Amino acid sequence: MPEGIEVEYYRISSICALQRKIRRITAKDLYFLKGETQSEQLIAVLKEKKFVESRRIGKLLLLDTEHGETVGIRFGMTGRLLVDGKSSIDNLEYSSARNNPEWDRFSLEFTDGGTLSIRDPRRLGGVELNPDTSLLGPDLYEINGMQLGTLLKESYRPIKARLMDQHQIAGLGNLLTDEILWRSSLDPRRSSNSLTQIEKRRLLYHLKRTVLQLTERGGSHTGNLQDHRLRGGRCPKDGAILERHKVGGRTTYSCPEHQS
DNA sequence: CTCGACTCCTGTTAGC
DNA sequence: TGCTAACAGGAGTCGA
């Protein structure tokens, strides 16, 4: 599913949608419009206008118009960004392998004939005009040791739940978090504020390294743990049968042997 | 503050 | 073969 890494790909592919005049806006799926956003409003703000900048905070893609309005796009679990009919990601975990144009929930047509659209089978994503970004934590690519230390120290929640809380760090999803904790040899259920200085340093190192490495490899699903994240799967480090449980309401796989 | 349970949504798949 | 039910997990709400 799109986590921060996938949305970073979307941001990069959205760059070629900048500086192109928008001719037509199609926002018929009203369920897909979030907050106070209305279809007519999007049309009024976007018609005959251009995007001048593309930004990303965590899993949120932000497209700024020349007049300072911002279109915020969330992809949920199964959303893809298509620019001129092409997606930067072919194989999205947990999404459909098919690619049905009927799943376009929001789309724009440029005066040059190109398009930008969000193709989301499950409609868990959404479009919001001028979304509030003030509550999002530091981005997963930017977070530093001090920020990580603070957010862990201030909570009794399980580490995994804390790391997936977008108000704390923006961009980590279920797969990335499992991978990072597995690499860090930390039990996802450990209380956030129980980590020692050494464990926190280890977590920061693996968080940074995992995000960069999986970005190079091609997505959140390219982690070393991923292929073994199924019932009865074995830890690729030591061969132990992985534990499957719920942490923070999410299916979690961890190794009883080396994660503690 | 933190939790589980529930909600949204629908394609895919396991199981009968 | 065909059906149903469970599952996936991002994000929000609600009551305990």
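Focus on the pairing of strand β5 (residues 80-83)
Strand residues, when the strand is regular, have side chains that alternate between the two faces of the sheet.
So, point 1. Both faces of β5 are covered, namely the face carrying R80 and L82 and the face carrying L81 and V83.
So, point 2. Pairing of β5 with strand β8 (residues 115-119) involves 4 bridges; the strand directions are antiparallel. Of the residues in β8, the one forming a bridge with L81 is I118.
So, point 3. Here 2 bridges tie β5 to strand β6 (residues 86-87), and the two strands are oriented antiparallel to one another. Looking at β6, one finds that L82 is bridged to S87.
So, point 4. Hairpin connection from β5 to β6: 2 residues lie between these consecutive antiparallel strands, with D84 at a positive phi of about 55°.

With respect to the domain arrangement of chain A
So, point 1. Assigned domains of chain A: these are domain 1 (4-129) and domain 2 (145-254).
So, point 2. One C-alpha centre belongs to domain 1, the other to domain 2; they are set 29 Å apart.
So, point 3. Taken residue by residue, the interface counts 10 residues in domain 1 and 16 residues in domain 2.
So, point 4. Both faces combined, the contact of domain 1 with domain 2 buries some 950 Å², and carbon together with sulfur accounts for 55% of it.
So, point 5. Applying the counting rule to domain 1 against domain 2 returns 0 salt bridges.
So, point 6. The interface formed by domain 1 and domain 2 contains 5 residue pairs in polar contact (both at pLDDT 80 or more).
So, point 7. In terms of residue count, helix α1 (residues 4-14) provides more of the side of domain 1 that touches domain 2 than any other element does, 4 residues in total.
So, point 8. Class assignment for the residues of the side of domain 1 that touches domain 2 results in 4 nonpolar, 3 polar and 3 charged.

A few points about the protein's contact with DNA strand C
So, point 1. As a matter of local geometry, DNA strand C sits amid 18 residues, with M1, R122, L124, R244 and R250 nearest to it.
So, point 2. Between a phosphate oxygen of DNA strand C and a main-chain N or O atom of N174, the distance comes to 3.1 Å.
So, point 3. Split into classes, the residues belonging to the surface near DNA strand C amount to 5 nonpolar, 5 polar and 8 charged.

Remarks on the environment of Y31
So, point 1. Secondary-structure assignment places Y31 in the loop between β1 (22-26) and α2 (39-46).
So, point 2. What makes Y31 partly exposed here is its relative accessible area of 48%.
So, point 3. Taking the C-alpha atoms as reference points, Y31 and T222, separated by 191 residues in sequence, lie 32 Å from one another.

Regarding the sheet that holds β8
So, point 1. Overall, antiparallel pairing links the 5 strands, which are arranged β1-β7-β8-β5-β6 in an open sheet. Two strands bound the open sheet, and with one partner strand each, they are β1 and β6.
So, point 2. Judged from the 4 bridges that link them, β1 and strand β7 (residues 104-110) form a sheet pairing that is antiparallel. Pairing of I25 across the sheet is with L108, part of β7.

Criteria and cut-off values
- Residues numbered from 1 in each chain as written.
- Chains lettered and ligands numbered in written order.
- Predicted model: local features only at pLDDT ≥ 70, side-chain atom pairs only at ≥ 80, totals over all residues.
- Heavy atoms only, no water.
- Buried < 20%, exposed > 50% of the residue type's maximum accessible area, 1.4 Å probe, protein only.
- Helix = DSSP H or I, 4+ residues; strand = E, 2+ residues; numbered from the N terminus.
- Pairing = 2+ DSSP bridges.
- Domains from an automatic or database assignment.
- Contact = heavy atoms within 4.5 Å.
- Buried area = accessible area lost by both parts, 1.4 Å probe.
- Salt bridge = Lys/Arg side-chain N within 4 Å of Asp/Glu carboxyl O.
- Polar contact = N/O pair within 3.5 Å; in protein donor to acceptor, adjacent residues only side chain to side chain.
- Nonpolar A, V, L, I, M, F, W, Y, C, P; charged D, E, K, R; others polar.
- Near = heavy atom within 4 Å.

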